[in-house]
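Reading the structure
Single-letter residue listing:
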Amino acid sequence: MQGSAVDSQQPIALESTSHGSEEHHPDLRLFGIALFLVAEAMIFLGLFAAYLTFRSVAPSWPPEGTPKLELLLPGINTLILISSSFVIHKGDDAIRANDVKGMRLWFGITAAMGAIFLVGQLYEYFHLEFSLTTNLFASTFYVLTGFHGLHVCFGLFLILAVLWRSRREGHYSNQSKFGIEAAELYWHFVDVVWIVLFALLYLL
């Protein structure tokens, strides 16, 4: 009888241990996003290195005859994009307080700012006095800014996806906010890359 009582208690102990291990299982999704961004950063670093190499070996940079880049519109665009990092962080602060409506507001403003940035970049493209094939500087300019613009588009997609999924009651809360954190982290990455790009292409 005693043996059977022990046997009947053993599965309960094993089940309890199993549930305990599940509760303490670490969430590595943000770590995966961080690794992805490191890989993306390596691509941008390669492009930056190529640009700096071209610049160092060229007799003059930009090549003679290349129209000078205007600073006003790119400068405004830079302020908008940098400011959007603070705005999207307000959305993260809101969800930590379980304020889903506040999160939607701040993420919506961030999406609008990102869209304004892209429109400004397209406007600049249409008014530049050089094309993709004008010279090496023009080619690298379009490749760098265009590749970054592609990342801004993807960041906008992430933000809009968060807004769409937040329509479901209880989908996001201070205990369930991975999508919000992932979108914010990606958007900060996009902003930092642009600061480097702006310095390389427009200021140096």
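The numbers attached to residues start from 1 for each chain and follow its sequence in the written order. Only residues with pLDDT of 70 or above have their local features reported here, since the model is predicted, and side-chain atom pairs are shown and tallied only from 80 upward, although totals for entire chains, interfaces and linings are computed over all residues. Values shown for side chains rest on all heavy atoms present in the structure; no hydrogens or waters enter the calculation.

Quick word on the packing of aromatic side chains
The geometry of an aromatic ring pair comes down to the distance between the two centres and the angle between the two planes. Ring pairs are drawn from Phe, Tyr and Trp, using the six-membered ring of Trp, whenever the two centres fall within 6.5 Å, and their geometry is named by plane angle: stacked under 30 degrees, edge-to-face over 60, tilted for the rest. For the structure shown, the criterion picks out 18 aromatic pairs. Ring geometry for F44 and F189: centres 6.2 Å apart, planes at 65°, overall edge-to-face. With F44 in helix α2 (residues 29-57) and F189 in helix α6 (residues 178-203), this pair connects stretches of sequence that are 145 residues apart. As far as the burial class goes, F44 and F189 line up, both buried. With 5.1 Å between their ring centres and 50° between their planes, Y125 and Y142 make a pair best called tilted. In this pair, Y125 is assigned in helix α4 (residues 100-127) and Y142 in helix α5 (residues 136-165), connecting sequence segments 17 residues apart. Each residue is placed in one exposure class: buried if its accessible area under a 1.4 Å probe, protein chains only, is under 20% of its type's maximum, exposed if it is over 50%, and partly exposed if it falls in between. Judged by its relative accessible area of 17%, Y142 falls in the buried class. Here the aromatic cluster, defined as three or more aromatic residues joined through ring pairs, consists of Y51, W61, F117, Y125, F130, F137, F141, Y142, W194, F198 and Y202. A run of DSSP states H or I qualifies as a helix once it reaches four residues; a run of E qualifies as a strand once it reaches two. Both are numbered from the N-terminal end.

Section: the UniProt feature "transmembrane region" (unreviewed entry) in the protein chain
UniProt positions are given in the numbering used here, feature names are shortened, and annotations may be inferred rather than shown by experiment. UniProt's entry tags residues 30-51, 103-123, 143-164 and 185-203 with the feature "transmembrane region" (unreviewed entry), counted in the numbering of this structure. The distance from the first to the last C-alpha atom of residues 103-123 is 30 Å, and the span holds 100% helix and 0% strand. Annotated as 100% helix and 0% strand, the span residues 185-203 places its first and last C-alpha atoms 26 Å apart.

Here's the deal with the layout of surface pockets
Here the largest pocket defines a volume of roughly 210 Å³. Forming the walls of the largest pocket are P67, K68, L69, E70, L73, P74, Y123, E124, H127, L128, E129 and F130. Residue assignment for the lining of the largest pocket shows that the elements contributing at least two residues are α3 (72-96) and α4. Ranked by residue count, the leading element in the lining of the largest pocket is α4, at three residues. Residues that form the lining of the largest pocket fall into these classes: seven nonpolar, one polar and four charged. In this analysis a 1.4 Å probe is tested at points of a 1 Å grid over the protein atoms alone, and where it fits but cannot get out there is a cavity; an open set with protein on both sides within 12 Å along at least five of seven lines is a pocket; lining residues have an atom within 4 Å of a point. Grid points are joined across faces, edges and corners, and a volume is the space filled by probe spheres set on the points. Under the grouping applied here, Gly and all other residues not named as nonpolar or charged are polar, the nonpolar ones being Ala, Val, Leu, Ile, Met, Phe, Trp, Tyr, Cys and Pro and the charged ones Asp, Glu, Lys and Arg.

Focus: the side chain of D191
On the secondary structure map, D191 appears in helix α6. In summary, the charge assignment counts Lys and Arg as positive and Asp and Glu as negative, without counting His or the chain termini. In the sections that follow, a salt bridge refers to a side-chain nitrogen of Lys or Arg positioned within 4 Å of a carboxyl oxygen of Asp or Glu. Comment: no salt bridge for buried D191; closest opposite-charge side chain is K90, at 16 Å. Any two residues whose heavy atoms approach within 4.5 Å are treated as being in contact. With sequence-adjacent residues up to four places away left out, D191 is seen in contact with L81, I82, S84 and S85.

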